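Survey of secondary and tertiary structure
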Amino acid sequence: MDLNGAVALVTGANRGIGAEFVEQLKKRGVRKVYAAARDASTLRAEGIHAIALDVTDPSQVAEAAAAASDVQLLVNNAGISTGTALVTGDEATIRREMDTNFYGPLLMTRAFAPVLAANGGGAILNVVSALSWFTVPGAGAYSASKAAAWMLSDSTRLELAPQGTHVVAVHMGLVDTDMAQGMDAPKISPADLASAGLDAVESGRQEVLGDDWARFVKSGLGLDPQERYEQIFGALGA
């Protein structure tokens with residue numbers, strides 16, 4: 001897909017990775033960028049079309065699809081991390097994480113699939129995570145939601161292929177954003193991650209392993225669960 005002259009919508013666009021997607025899209029000559037956030041007043045980038053959007057609210061999602069009927073690229077970036085365990089954590093918090101990280105992109109995909117079809121097929125980019133492939137104690141809710149987002153990407157890629165819509169999943173370890181504040185480990189910059197994702201949209205690649213950590217984790221998927229656990233936590237020095 002050629003992004004020059006295209007129209008894109010980015011969720012969670014007010015900061016971090018989402019804000020960088022907006023900037024990188026503008027650098028690639030995108031004609032119009034819809035930047036979406038729950039509070040539209042927090043969207044400060046220049047030259048954008050701001051949209052107030054909570055991706056967990058079906059009515060707001062439907063309104064966004066109606067308002068942005070010229071979209072050719074949907075970037076599902078909005079997400080949360082609550083640090084909640086699956087067995088002992090608050091169930092409502094677990095559901096909120098799943099609503100945001102899985103059902104949000106699902107609702108957006110369902111709403112915008114007809115829009116993309118009408119505009120020639122286009123593409124969907126889902127910001128997933130290397131934590132879709134492993135977990136750490138206390139982060140079970142996040143990993144479960146991102147594992148679901150991984151399968152969402154794979155499934156919708158098959159379902160939307162007949163209408164010519166390309167689906168990209170972006171996986172990464174730590175990104176230098178507010179979510180990773182205080183973590184003493186190598187981090188990829190939001191600009192580099194967004195650029196790699198958009199490269200995949202333009203080249204037709206289906207999956208992005210944004211950093212060494214994502215590549216390392218995926219390389220262990222063929223191991224037994226205990227072996228994978230030992231390999232990853234050995235690398236973490238845990």
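Residues numbered from 1 in each chain as written. Predicted model: local features only at pLDDT ≥ 70, side-chain atom pairs only at ≥ 80, totals over all residues. Heavy atoms only, no water.

In the nomenclature of an unreviewed UniProt entry, the chain is known as SDR family NAD(P)-dependent oxidoreductase of Nocardioides oleivorans. As recorded by UniProt, the Sequence similarities (unreviewed entry) comment attached to the chain reads in full: "Belongs to the short-chain dehydrogenases/reductases (SDR) family." (UniProt positions renumbered as here; feature names shortened; annotations may be inferred.)

1. Quick notes on the packing of helix 3 (residues 91-118) against helix 4 (residues 140-160)
Axis separation between helix 3 and helix 4 bottoms out at 8 Å; the angle between their running directions is 15°. The angle between helix 3 and helix 4 places the two elements in the roughly parallel class. Crossing handedness for the pair helix 3 and helix 4: right-handed. Judged by residue contacts, Ile94, Glu97, Met98, Asn101, Phe102, Pro105, Leu106, Thr109 and Ala113 of helix 3 engage Ala141, Tyr142, Ala144, Ser145, Lys146, Ala148, Ala149, Leu152, Thr156 and Leu160 from helix 4. Taken together, the residues of the contact of helix 3 with helix 4 break down into 13 nonpolar, four polar and two charged. (Axes fitted to C-alpha atoms, helices over the stretch in contact; angles between N-to-C directions. Helix = DSSP H or I, 4+ residues; strand = E, 2+ residues; numbered from the N terminus. Parallel < 35°, antiparallel > 145°, perpendicular 65-115°, else oblique. Left-handed = near helix turned anticlockwise from the far one by under 90°. Contact = heavy atoms within 4.5 Å. Nonpolar A, V, L, I, M, F, W, Y, C, P; charged D, E, K, R; others polar.)

2. Some words on the layout of surface pockets
Taken as a whole, the second largest pocket holds about 170 Å³ of empty space. Taken together, Leu106, Thr109, Arg110, Ala113, Met151, Leu152, Ser155, Thr156, Glu159 and Leu160 make up the full set of residues lining the second largest pocket. Counting only elements with at least two residues in the lining of the second largest pocket, the list comes to helix 3 and helix 4. Here the lining of the second largest pocket gets six residues from one element, more than from any other, and that element is helix 4. Residue composition of the lining of the second largest pocket, by class: five nonpolar, three polar and two charged. (1 Å grid on protein atoms, 1.4 Å probe; cavity = no way out; pocket = protein on both sides within 12 Å on 5 of 7 lines; lining within 4 Å. Points joined across faces, edges and corners; volume = space filled by probe spheres on them.)

3. Focus on the pairing of strand 4 (residues 73-76)
Looking down a regular strand, the side chains alternate between one sheet face and the other. Side chains of strand 4 alternate between two faces, with Leu73 and Val75 and Leu74 and Asn76 buried alike. Pairing of strand 4 with strand 5 (residues 123-127) involves four bridges; the strand directions are parallel. Bridging from a neighbouring strand, Val75 pairs with Leu125 of strand 5. (Buried < 20%, exposed > 50% of the residue type's maximum accessible area, 1.4 Å probe, protein only. Pairing = 2+ DSSP bridges.)

4. Remarks on the sheet that holds strand 5
A sheet is described by the order of its strands in space; here seven strands give the open sequence 3-2-1-4-5-6-7, paired in parallel fashion. Edge strands, defined here as strands with exactly one partner in the open sheet, are strand 3 (49-52) and strand 7 (207-209). Neighbouring strand axes in the sheet, compared pairwise and without regard to direction, differ in orientation by 15° on average. Alignment of strand 1 (residues 7-10) against strand 4, held across three bridges, turns out to be parallel. Across the sheet, Leu9 pairs through a bridge with Leu74, a residue of strand 4. Along the sheet face, helix 3 touches strand 1, strand 4 and strand 5 and points at about 180° away from the line of strand 4.

5. Side note on the packing of helix 1 (residues 16-27) against helix 5 (residues 190-203)
For the pair helix 1 and helix 5, interaxial distance at closest approach is 8 Å and the crossing angle is 60°. If you check the angle between helix 1 and helix 5, you find them oblique. The handedness of the crossing between helix 1 and helix 5 comes out as right-handed. Along the contact surface, helix 1 presents Gly16, Ile17, Glu20, Phe21, Gln24 and Leu25, while helix 5 presents Pro190, Ala191, Leu193, Ala194, Ser195 and Leu198. For the contact of helix 1 with helix 5, the per-class residue count stands at eight nonpolar, three polar and one charged.

6. Re the packing of aromatic side chains
One pass over the structure, following the stated rule, counts four aromatic pairs. When the centroid spacing of 5.8 Å and the interplanar angle of 80° are considered together, the rings of Phe134 and Trp213 count as edge-to-face. Residue Phe134 is found in the loop between strand 5 and helix 4, and its partner Trp213 is found in helix 6 (residues 212-219); the two are separated by 79 residues along the sequence. A relative accessible area of 11% places Phe134 in the buried class. You can call Trp213 partly exposed: its relative accessible area is 22%. By the ring-pair criterion, three or more aromatic residues cluster together here, those being Phe134, Trp213 and Phe216. (Phe/Tyr/Trp six-rings, centres within 6.5 Å; stacked < 30°, edge-to-face > 60°.)

7. So, the nonpolar core
Counting 31 residues, the largest nonpolar core has Phe21, Leu25, Leu73 and Leu125 as the members making the most contacts within it. Broken down by secondary-structure element, the contributors of at least two residues to this core are strand 1, helix 1, strand 2 (32-37), strand 4, strand 5, strand 6 (166-171) and helix 5. Take this core: its biggest share by element is six residues, from helix 5. Apart from residues lying up to four places away in sequence, Phe21 is in contact with Val10, Val75, Leu125, Val127, Ala194 and Leu198. (Core = buried A, V, L, I, M, F, W, Y, C linked by side-chain atoms within 4.5 Å.)

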